[in-house]
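A closer look at the structure
The primary structure of each chain is shown beneath.
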Amino acid sequence: DRVLKGRHNRFRKVNHPVVEDEPSTSHNQPERVQEALQQERTMSIIYHADNSFESLDLAVSDQDDYDHIFKSLTDLVRLHREESEASSTALQALQYHWLDLGHTMEVLGDGSLGLSDFLQLADRLDLTASIGTQKLTLLFKEHCQGLKRKTDHLTFG
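This report concerns the structure included in the present document. (Residues numbered from 1 in each chain as written. Predicted model: local features only at pLDDT ≥ 70, side-chain atom pairs only at ≥ 80, totals over all residues. Heavy atoms only, no water.)

This next bit is on a negative patch on the surface. Together, Asp 62, Asp 64, Asp 65 and Asp 67 make up a negatively charged patch on the protein surface. With respect to the helices, strands and loops of the structure, Asp 67 is situated in helix 2 (residues 63-86). Look at Asp 67 and you get partly exposed, because its relative accessible area is 36%. (Patch = residues over 30% accessible without salt bridge, like charges linked within 9 Å, V, L, I, M, F, W, Y side chains within 5 Å. Areas by Shrake-Rupley, 256 points an atom, 1.4 Å probe, with all protein chains shown as cover. Salt bridge = Lys/Arg side-chain N within 4 Å of Asp/Glu carboxyl O. Lys, Arg positive; Asp, Glu negative; His and termini not counted. Charge placed at Lys NZ, Arg CZ, Asp CG, Glu CD. Helix = DSSP H or I, 4+ residues; strand = E, 2+ residues; numbered from the N terminus. Buried < 20%, exposed > 50% of the residue type's maximum accessible area, 1.4 Å probe, protein only.)

This is the structure in structure tokens:
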């Protein structure tokens, strides 16, 4: 969801921080964490999980590492937001079901969806029982013809 930079209240409650470092410098880990806290080289990654917001709080001892991590994370958040805005909720739901059926997105790399794939998705969404295979097939072919495409593949590209 977002990355917050700098000191936050939660960092005041540091008891026994978990720090991964090379064994040769493990004797000064608490001091390095305290230094990172004092220099405000901290960040919180806020994310949505189980209908609530959670955070991963980081204290980074090296300024260059801190800058690189923060820039990378903010770039990822920005990219995620851009991509989320670019794709509709309906498309995301179809992608979810497509992947959950065991398919990969690479299969759609050429931008086409075959009739059998369409019917499999329709069945997954419980449309086959209510609409029927024949009507779904007809709808699929009419849509393809309306797009002036072959009637055996729906093309997205």
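To continue, consider helix 3 (residues 89-100). Here helix 3 is 12 residues long and its end C-alpha atoms lie 16 Å apart, about the 16 Å a rise of 1.5 Å per residue gives. Directly beyond the C-terminal end of helix 3, a positive phi value near 95 degrees is found at Gly 102. (Expected span 1.5 Å × (residues − 1).)

Quick look at the sheet that holds strand 3 (residues 52-59) now. Strand order in the open sheet formed by 3 strands is 1-2-3, with antiparallel pairing between adjacent strands. One side of each edge strand has no neighbouring strand; the edge strands of this open sheet are strand 1 (2-5) and strand 3. Pairs of neighbouring strands in the sheet enclose a mean axial angle of 25 degrees, with direction left out of account. Across 8 bridges, the pairing between strand 2 (residues 42-49) and strand 3 is antiparallel. Residue pairing for strand 3: Ile 45 is matched across the bridge by Leu 56. (Pairing = 2+ DSSP bridges. Axes fitted to C-alpha atoms, helices over the stretch in contact; angles between N-to-C directions.)

This part takes up unusual backbone geometry. In this structure, Glu 40 takes a positive phi of about 55 degrees despite not being glycine. We note that Asp 126 has phi near 60 degrees; this positive angle belongs to a residue other than glycine. Residue Asp 126 is classed as exposed on the basis of its relative accessible area, which comes to 60%.

Bringing helix 4 (residues 115-124) into the picture now. Within the sequence span of helix 4, burial applies to Asp 117, Leu 121 and Ala 122. Around the axis of helix 4, the buried residues are gathered within 140 degrees of arc, so they sit on the same side. Positive backbone phi, at 60 degrees, marks Asp 126, one or two positions downstream of helix 4. (Arc of directions from axis to C-beta.)

Applying the stated criterion to the full structure yields 2 aromatic pairs. Note on Tyr 66 and Phe 70: the rings are 6.4 Å apart at their centroids and 15 degrees apart in plane angle, and the pair reads as stacked. You can see Tyr 66 and its partner Phe 70 sitting in helix 2, 4 residues apart, about one turn around the helix. Accessibility expressed as a relative area gives 2% for Tyr 66, which makes it buried. Here Phe 70 falls in the buried class, since its relative accessible area comes to 16%. Centroid distance Phe 118 to Phe 140: 4.9 Å. Interplanar angle 35 degrees. Geometry classified as tilted. Linking Phe 118 in helix 4 with Phe 140 in helix 6 (residues 133-146), this pair joins segments that are 22 residues apart in sequence. (Phe/Tyr/Trp six-rings, centres within 6.5 Å; stacked < 30°, edge-to-face > 60°.)

Bringing the packing of helix 4 against helix 6 into the picture now. Direction vectors running N to C along helix 4 and helix 6 enclose 130 degrees, while the axes themselves pass 10 Å from each other. On the basis of the axis angle, helix 4 is oblique to helix 6. Every pair of crossing elements has a handedness; the one defined by helix 4 and helix 6 is right-handed. Of the residues in helix 6, those in contact with Leu 115, Phe 118, Leu 119 and Ala 122 of helix 4 are Thr 133, Leu 136, Thr 137, Phe 140 and Lys 141. Each residue belonging to the contact of helix 4 with helix 6 can be placed in one class, and the counts come to 6 nonpolar, 2 polar and 1 charged. (Parallel < 35°, antiparallel > 145°, perpendicular 65-115°, else oblique. Left-handed = near helix turned anticlockwise from the far one by under 90°. Contact = heavy atoms within 4.5 Å. Nonpolar A, V, L, I, M, F, W, Y, C, P; charged D, E, K, R; others polar.)

Take the pattern of salt bridges next. Within the structure shown, the criterion is met by 4 salt bridges. Residue Arg 41 is joined to Glu 35 by a salt bridge in which the shortest nitrogen-to-oxygen separation is 3.3 Å. When its relative accessible area of 39% is taken as the criterion, Glu 35 is described as partly exposed.

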